[in-house]
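Structural overview
Here is how the chains run, residue by residue.
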Amino acid sequence: IGGVCARLLVDWRERMLDNGALPPWWARYGATIGYAGLLSVYCIPAVRPPAAKLLLRVGALAPLQGLLLLGLALDVDPLARAFKLPPLAVLGDYSYAQYLLQFIVLRLVTVADTHYFATLLACAVLATHAIQRPAQRLWSRPMCRLVMLIGGAAAVLAAPRALAALRCCSTSVVRPASHAMPRLSLIAS
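For clarity, every value in this text was computed on a predicted model and none was experimentally measured.

Quick notes on a nonpolar patch on the surface
- A contiguous nonpolar patch, built from Phe83, Leu85, Leu88, Leu91 and Leu121 and spanning about 390 Å² of accessible area, is present on the exposed surface.
- Along the chain, Leu85 falls in the loop between helix 6 (78-83) and helix 7 (86-93).

Rendered as structure tokens:
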């Protein structure tokens, strides 16, 4: 579905540019309307439908998400232009690392603490420069790409056996209570 929508968007955009026409108002301000709608659903209790998170997952809020993506793709929306400003573009370079590290940092620092966002940004900058960019440089080399693909495939194939071996070993070894391993939960409490 995403590929079809992207193709339709490209065709629509090319036809509009050829004719010199502007998209309809709801498409020109799609990102603003989409963000405002999604923020109101999640931030205003009187507007929030029951099971809002579930509605987001099953696609009931898809029209708002579609408007948001359309507005960002057309580059006419004021919000889309604001996201292209240099300071926000720099923050966008670290967004993937922020996405990956958000729950790890949440275990270290609470959200109520004002240092959460600064810690998250610092960890994201460090991870981007120390891990992501060097991996991207390696990935651009064909031989390294082949080695990384083979290594990744081997790890995926070996993981079930390694986990089974760990499970087997962990049931036969009894540790004293003083050496018990703490249990980590991925869900923030």
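Comments concerning the environment of Ala31
- In this structure, Ala31 sits in helix 3 (residues 30-43).
- What makes Ala31 buried here is its relative accessible area of 0%.
- Here the alpha-carbon distance between Ala31 and Leu74, two residues 43 residues apart in the chain, equals 9.5 Å.
- If sequence neighbours within four positions are ignored, Ala31 has contacts with Leu67, Leu68, Gly71, Leu72, Asp77 and Leu79.

Here's the deal with the packing of helix 8 (residues 95-108) against helix 9 (residues 115-139)
- Contact geometry for helix 8 and helix 9: axes closest at 9 Å, N-to-C directions at 125°. Considering the angle they form, helix 8 stands oblique to helix 9. Of the two elements, helix 8 crosses helix 9, and the hand of that crossing is right-handed. Here helix 8 contributes Tyr96, Ala97, Gln98, Leu101, Gln102, Val105 and Leu106 to the contact with helix 9, which in turn contributes Tyr116, Thr119, Leu120, Leu121, Cys123, Ala124, Ala127, Thr128 and Gln132.

A look at the packing of helix 3 against helix 5 (residues 62-74)
- Where helix 3 contacts helix 5, the two axes come as close as 6 Å, and the packing angle between them is 145°. The crossing of helix 3 and helix 5 is left-handed. Seen from helix 3, the contacting residues are Gly30, Ala31, Ile33, Gly34, Tyr35, Gly37 and Leu38; seen from helix 5, they are Leu64, Gln65, Leu67, Leu68, Gly71 and Leu72.

Regarding the environment of His129
- When you line up the elements, His129 lands in helix 9.
- Here His129 falls in the partly exposed class, since its relative accessible area comes to 41%.

A look at helix 8
- When the terminal C-alpha atoms of helix 8 are compared, their 19 Å separation across 14 residues agrees well with the 20 Å that a helix rising 1.5 Å per residue should span.
- Leu101 marks where helix 8 bends most, by close to 50°.
- Among the residues of helix 8, Ala97, Leu101 and Val105 are the ones counted as buried.
- Summarising the contacts, the buried residues of helix 8 are in contact with helix 9.

What to know about the side chain of Asp77
- Looking at the element boundaries, Asp77 is found in the loop between helix 5 and helix 6.
- The side chain of Asp77 sits in the buried core without any salt bridge; Arg81 is the nearest counter-charge, 8.1 Å away.
- From its side chain, Asp77 meets the backbone nitrogen of Gly30 in a polar contact 3.2 Å long.
- Beyond its immediate chain neighbours, meaning those up to four positions away, Asp77 contacts Arg28, Tyr29, Gly30, Ala31, Thr32 and Gly71.

Brief notes about the nonpolar core
- Judged by nonpolar contacts, Tyr94, Ala97, Leu101, Val105, Val109, Tyr116, Leu120, Ala124 and Ala127 together constitute the single largest core of nine residues.
- Among the elements of the structure, helix 8 and helix 9 are those that each provide at least two residues to this core.
- The element that contributes the greatest number of residues to this core is helix 9, accounting for four residues.
- Residue contacts for Tyr94: discarding those within four places in its chain leaves Ala124, Val125, Thr128, His129 and Arg133.

What about the environment of Arg133?
- Along the polypeptide, Arg133 turns up in helix 9.
- What Arg133 contacts, discounting residues up to four positions off in sequence, is Asp93, Tyr94 and Thr128.

Criteria and thresholds
Residues numbered from 1 in each chain as written. Predicted model: local features only at pLDDT ≥ 70, side-chain atom pairs only at ≥ 80, totals over all residues. Heavy atoms only, no water. Patch = residues over 30% accessible without salt bridge, like charges linked within 9 Å, V, L, I, M, F, W, Y side chains within 5 Å. Areas by Shrake-Rupley, 256 points an atom, 1.4 Å probe, with all protein chains shown as cover. Salt bridge = Lys/Arg side-chain N within 4 Å of Asp/Glu carboxyl O. Helix = DSSP H or I, 4+ residues; strand = E, 2+ residues; numbered from the N terminus. Buried < 20%, exposed > 50% of the residue type's maximum accessible area, 1.4 Å probe, protein only. Contact = heavy atoms within 4.5 Å. Axes fitted to C-alpha atoms, helices over the stretch in contact; angles between N-to-C directions. Parallel < 35°, antiparallel > 145°, perpendicular 65-115°, else oblique. Left-handed = near helix turned anticlockwise from the far one by under 90°. Expected span 1.5 Å × (residues − 1). Bend = angle between axes of the 7 residues up to and from the residue. Lys, Arg positive; Asp, Glu negative; His and termini not counted. Polar contact = N/O pair within 3.5 Å; in protein donor to acceptor, adjacent residues only side chain to side chain. Core = buried A, V, L, I, M, F, W, Y, C linked by side-chain atoms within 4.5 Å.

All quantities given are derived from atomic positions and should not be read as evidence of function.
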